[in-house]
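Residues per chain are reported as follows:
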Amino acid sequence: PISEAGRFRVLQFATHAVLNDSNPLYSYVVLSQPANNTEDGLLEAWEMMNLDLNADMVVLSACETARGRIGAGEGVIGMTWALFVAGSPTTVVSQWKVESSSTTELMLAFHRALRAQNARTSKAQAMQAAALKLLKSSDYQHPFYWAGFVVIGDAR
């Protein structure tokens, strides 16, 4: 359950996301609906803000999770902002609608690069290594497949 999210150092949501342009705090990721039906199965940005996260990083490998509304003095208000408020200094998010199989390959390469990192390798360098891997592949070399994901916040 989402209530246990604070126990983990890295959280990844590989799911569908919906951007609410008019009120970005109502943008959400789709989770499974529990059997008791007390929850709708949607984790909205305003709910993310109320999580007590100890995670070093949250990865939202879904469509348009980096988007939101620009607030004066606040930056882009949306899911990334909500996760920062909840306690995560780093998010990995997408700037546009992404393709499922290439996103899977990118995220696997990203996490492998993080696991293999030495003391000087950052999250941003791990994302760069993952993007370069897809760039060199025959199936996913077009930037559409790998350039949409960005590391926001503490990239170390």
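Residues numbered from 1 in each chain as written. Predicted model: local features only at pLDDT ≥ 70, side-chain atom pairs only at ≥ 80, totals over all residues. Heavy atoms only, no water.

*Asks:* Quick one: what's the story with helix H3 (residues 100-115), residue by residue and with numbers?
*Replies:* Across its 16 residues, H3 extends 23 Å between first and last C-alpha, which sits within 8% of the 22 Å expected from 1.5 Å per residue. Looking at the buried side of H3, the elements it contacts are strand E1 (10-13), strand E5 (57-60), strand E8 (90-94), helix H4 (123-135) and strand E9 (149-153). (Helix = DSSP H or I, 4+ residues; strand = E, 2+ residues; numbered from the N terminus. Expected span 1.5 Å × (residues − 1). Contact = heavy atoms within 4.5 Å.)

*Asks:* I'd like to hear about the sheet that holds E9, residue by residue, with values.
*Replies:* Strand order in the open sheet formed by four strands is E1-E5-E8-E9, with mixed pairing between adjacent strands. Looking at which strands have only one partner, the edges of the open sheet turn out to be E1 and E9. The sheet shows a mean angle of 15° between the axes of neighbouring strands, direction not considered. As paired elements, E1 and E5 share four bridges and run parallel to each other. Bridge pairing in E5 links Leu11 to Val58. Relative to E9, H4 is tilted by about 180°, and along the sheet it contacts E5, E8 and E9. (Pairing = 2+ DSSP bridges. Axes fitted to C-alpha atoms, helices over the stretch in contact; angles between N-to-C directions.)

*Asks:* Explain unusual backbone geometry residue by residue, including any values.
*Replies:* The residue Glu64 is not glycine, and still its phi comes out positive at about 55°. On the accessibility criterion, Glu64 (14% relative accessible area) is buried. (Buried < 20%, exposed > 50% of the residue type's maximum accessible area, 1.4 Å probe, protein only.)

*Asks:* Describe the environment of Ser22, listing the residues and the values that go with them.
*Replies:* Following the sequence through the fold, Ser22 ends up in the loop between strand E2 (17-18) and strand E3 (28-30). Sequence-wise, Ser22 and Leu132 are 110 residues apart; in three dimensions their C-alpha atoms are separated by 35 Å. Within polar-contact distance, the side chain of Ser22 engages the side chain of Asn20 at 2.9 Å. (Polar contact = N/O pair within 3.5 Å; in protein donor to acceptor, adjacent residues only side chain to side chain.)

*Asks:* Provide a residue-level description of the pattern of salt bridges, including the pertinent values.
*Replies:* For the structure shown, the criterion picks out six salt bridges. Its salt-bridge partner being Arg67, residue Glu64 comes within 2.8 Å of it at the nearest N-O pair. Ionic pairing is found between Glu64 and Lys97, a salt bridge with its closest N-O pair at 3.8 Å. Within this pair, whereas Glu64 is found in the loop between E5 and strand E6 (68-71), its partner Lys97 is found in the loop between E8 and H3, the two being separated by 33 residues in sequence. Here Lys97 falls in the exposed class, since its relative accessible area comes to 55%. (Salt bridge = Lys/Arg side-chain N within 4 Å of Asp/Glu carboxyl O.)

*Asks:* Can you tell me about the sheet that holds E2, naming the residues and giving the values?
*Replies:* Pairing in this open sheet of three strands is antiparallel, and the strands run E2-E3-E4 from one edge to the other. Looking at strand neighbours, the two that pair on one side only are E2 and strand E4 (42-44), the edges of this open sheet.

*Asks:* Describe the nonpolar core, with residues and values.
*Replies:* In this structure, Leu11, Val29, Met48, Leu53, Val58, Leu60 and Met79 are the most contacted members of the largest nonpolar core, which totals 20 residues. Elements supplying a minimum of two residues to this core: E1, helix H1 (45-49), E5 and helix H2 (79-86). It is H2 that contributes the most residues to this core, four residues altogether. Leaving out residues up to four positions away in the same chain, Leu60 has contacts with Phe13, Val29, Thr65, Met79, Leu83, Val92, Val93, Ser94 and Phe149. By size, the runner-up hydrophobic cluster in this structure holds 19 residues, among which are Val59, Leu134, Tyr140 and Trp146. (Core = buried A, V, L, I, M, F, W, Y, C linked by side-chain atoms within 4.5 Å.)

*Asks:* Residue-level account of the side chain of Thr80, with values.
*Replies:* Secondary-structure assignment places Thr80 in helix H2. Thr80 has contacts with Thr65, Ala66, Thr91, Val93 and Ile152, leaving out every residue within four places of it along the chain.

None of the figures reported here should be taken as evidence of function without further support.
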